[in-house]
Amino acid sequence: MSGSLLIDNIGELVTNSPGNGPLGIRRDAAVLAEEGRVVWVGPSAYAPAADRRIDAGGAAVLPGFVDSHAHLVFAGDRAAEFAARMAGQPYTGGGIRTTVGATRAATDEELRATVRRLHGEALRQGTTTIEIKSGYGLTVADEARSLRIAAETSTETTFLGAHVVPAEYADRPDDYVGLVCGPMLAAAAPYAKWIDVFCERGAFDVDHARAILACGQAAGLGVRLHANQLGPGPGVQLGVELGAASVDHCTYLSDADVDALASTTVDWMCGSSTTTVATLLPGAEFSTRSPYPDARRLLDAGVTVALATDCNPGSSYTSSMPFCVALAVREMRMTPAEAVWAATAGGARALRRDDIGVLTPGARADLVVLDAPSHLHLAYRPGVPLIRQVIRNGVPQ
Ligand SMILES: [Zn+2]
């Protein structure tokens with residue numbers, strides 16, 4: 001893109017840069033973007049001229065949300081399963097196979113249309129970076145095409161061939177792990193940045209998860225995993241052991257799990273490459289009517305926490321980061337500032353990115369103008385469409 005864009009008359013600017021509290025808040029501020037990057041942040045009264053200007057009218061502006069955990073490549077929905085669950089049936093994860101069947105039967109164009117629809121939804125709700133996983137194909141060809149389609153929309157793509165063991169391998173999971181580590185990984189890796197495993201009872205045990213993640217690392221992919229969602233288990237500590245960028249869910253944690261995560265948090269001014277972020281996905285607990293993770297315990301221990309949607313048709317069919325912020329504040333004892341940080345800078349750290357989730361010179365010009373005077377309103381006014389304008393790569397959407 002060409003030209004410069006000035007957003008001025010910002011009543012409350014969340015920068016997430018150190019100082020002025022956890023959110024690095026500046027009052028009466030302005031942001032100048034050029035060539036998709038933030039090039040200047042300062043007092044609105046001293047803002048330089050620009051080719052285009054957006055008057056925020058005293059509203060709050062924050063970095064675009066970074067949704068670091070979403071499953072957007074699928075077909076069909078599971079509304080009936082949701083209704084049954086709300087009528088009392090427990091969530092087991094078994095419904096994933098329903099979506100696998102529908103996804104395999106779908107055309108590329110049908111899958112692409114779903115990704116675009118959900119990406120558009122997320123963007124309108126302020127998400128400017130979204131991670132997209134495969135995991136509903138579970139054949140070599142279907143995982144590769146899922147990632148090829150995901151890569152059309154995001155650079156943050158994740159190979160999740162180890163989502164569940166598909167029905168045709170139900171009695172020989174070792175063979176399926178061999179397929180994932182061999183031809184499936186080879187076909188998926190050109191389109192993927194990350195590898196992920198659903199390490200949970202009923203999905204993949206710790207030995208299978210370790211083997212799959214090690215193969216992915218050897219192929220040059222970064223590690224993240226689903227762990228400790230449905231019960232206690234070894235997944236979180238496996239993630240720390242392997243230097244995962246993020247362990248996601250973290251609903252059932254032992255003290256040793258919390259200590260292991262806290263031990264990875266380093267001073268961000270000195271580097272970020274070894275921190276394992278705890279990514280919490282409260283949409284899943286909401287949609288499965290399950291106990292929420294204890295964010296307060298993690299934060300008090302010094303763990304770096306991110307919030308993400310887990311958008312998927314089974315256990316969390318929301319694309320709304322503002323909804324997750326509201327849940328985190330109301331149900332997980334995060335302060336509004338902690339939740340907004342976790343949904344922006346925290347998500348960036350879960351993706352090991354330092355160019356997003358912040359509004360400082362050099363960062364990508366991804367920002368959100370709220371229809372509200374403060375970030376507090378995201379949790380204070382749940383369910384209200386407070387995203388007035390989204391700017392991505394310096395371009396108003
Ligand atoms: Zn997930």
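One structure accompanies this document, and this report is about it. (Residues numbered from 1 in each chain as written. Predicted model: local features only at pLDDT ≥ 70, side-chain atom pairs only at ≥ 80, totals over all residues. Heavy atoms only, no water.)

1. What about the coordination of the zinc ion?
In step 1: Looking at the metal site, the zinc ion is ligated by His69 (NE2), His71 (NE2), His226 (NE2) and Asp310 (OD), spaced 2.1 to 2.3 Å from it.
In step 2: Every donor counted, the four donor atoms about the zinc ion form angles of 84 to 168° at the centre, which fits irregular coordination.
In step 3: Mapped onto the sequence, the residues coordinating the zinc ion show the spacing H-x1-H-x154-H-x83-D. Separated by 157 residues along the polypeptide, His69 in the loop between strand S6 (65-67) and helix H1 (79-86) and His226 in strand S11 (residues 222-227) bring together distant segments of the chain. Considered together, His69 and His226 belong to a single accessibility category, that of buried residues. (Donors = N, O, S within 2.8 Å, 3.2 Å for Na, K, Ca; no water. Tetrahedral: all angles 85-135°; square planar, octahedral: opposite > 155°, others 65-115°. Helix = DSSP H or I, 4+ residues; strand = E, 2+ residues; numbered from the N terminus. Buried < 20%, exposed > 50% of the residue type's maximum accessible area, 1.4 Å probe, protein only.)

2. Brief notes about the pairing of strand S12 (residues 246-249)
Look at any regular strand and the pattern is simple: side chains alternate between the two faces of the sheet.
In step 1: Where S11 lies against S12, four bridges are found, and the strand directions are parallel. When the bridges of S12 are listed, Ala227 appears paired with His249.
In step 2: Taken together, S11, helix H7 (residues 235-241) and S12 form a β-α-β motif whose crossover is right-handed.
In step 3: Note: S12 against strand S13 (residues 277-280), three bridges, orientation parallel. In the sheet register, Val247 faces S13, and the bridge partner there is Ala278. (Pairing = 2+ DSSP bridges. Right-handed = clockwise from strand over helix to strand, strands pointing away.)

3. What about the pattern of salt bridges?
Opposite charge on two side chains permits them to pair, given that their charged atoms come into close proximity.
In step 1: All told, the structure shown has 27 salt bridges when counted by the stated rule.
In step 2: For Glu152, the salt bridge is made with Arg112, and the minimal N-O distance between the two is 2.7 Å. Pair noted here: Glu152 is in the loop between helix H4 (140-150) and strand S9 (157-162) and Arg112 is in helix H3 (residues 108-124), with a separation of 40 residues, a long-range link.
In step 3: A salt bridge links Glu131 to Lys133, with the shortest nitrogen-to-oxygen separation between them at 2.7 Å. (Salt bridge = Lys/Arg side-chain N within 4 Å of Asp/Glu carboxyl O.)

4. Details of helix H6 (residues 206-218)
Given 3.6 residues per turn, any residue in an α-helix points the same way as the ones three and four places further on.
In step 1: Taking 1.5 Å of rise per residue, 13 residues should cover 18 Å, and H6 covers 18 Å from first to last C-alpha, within 8% of that figure.
In step 2: Here the buried face of H6 lies against S9, helix H5 (173-188), strand S10 (194-199), S11 and H7.
In step 3: Where H6 starts, the residue carrying a side-chain oxygen 3.1 Å from the main-chain nitrogen of Asp207 turns out to be Asp205.
In step 4: Of the residues one or two after H6, Gly220 is the one with positive phi, at around 95°. (Expected span 1.5 Å × (residues − 1). Contact = heavy atoms within 4.5 Å. Polar contact = N/O pair within 3.5 Å; in protein donor to acceptor, adjacent residues only side chain to side chain.)

5. What to know about the nonpolar core
In step 1: Counting residues in hydrophobic clusters, the biggest one holds 90 residues, and the most contacted among them are Phe159, Tyr176, Phe204, Leu261, Leu298, Leu307 and Met334.
In step 2: Beyond its immediate sequence surroundings of up to four residues, Leu298 is in contact with Leu253, Val258, Leu261, Ala278, Leu280, Val303 and Val305.
In step 3: Counting 18 residues, the second-largest nonpolar core is a separate cluster that includes Leu5, Ile54, Ala365 and Leu367. (Core = buried A, V, L, I, M, F, W, Y, C linked by side-chain atoms within 4.5 Å.)

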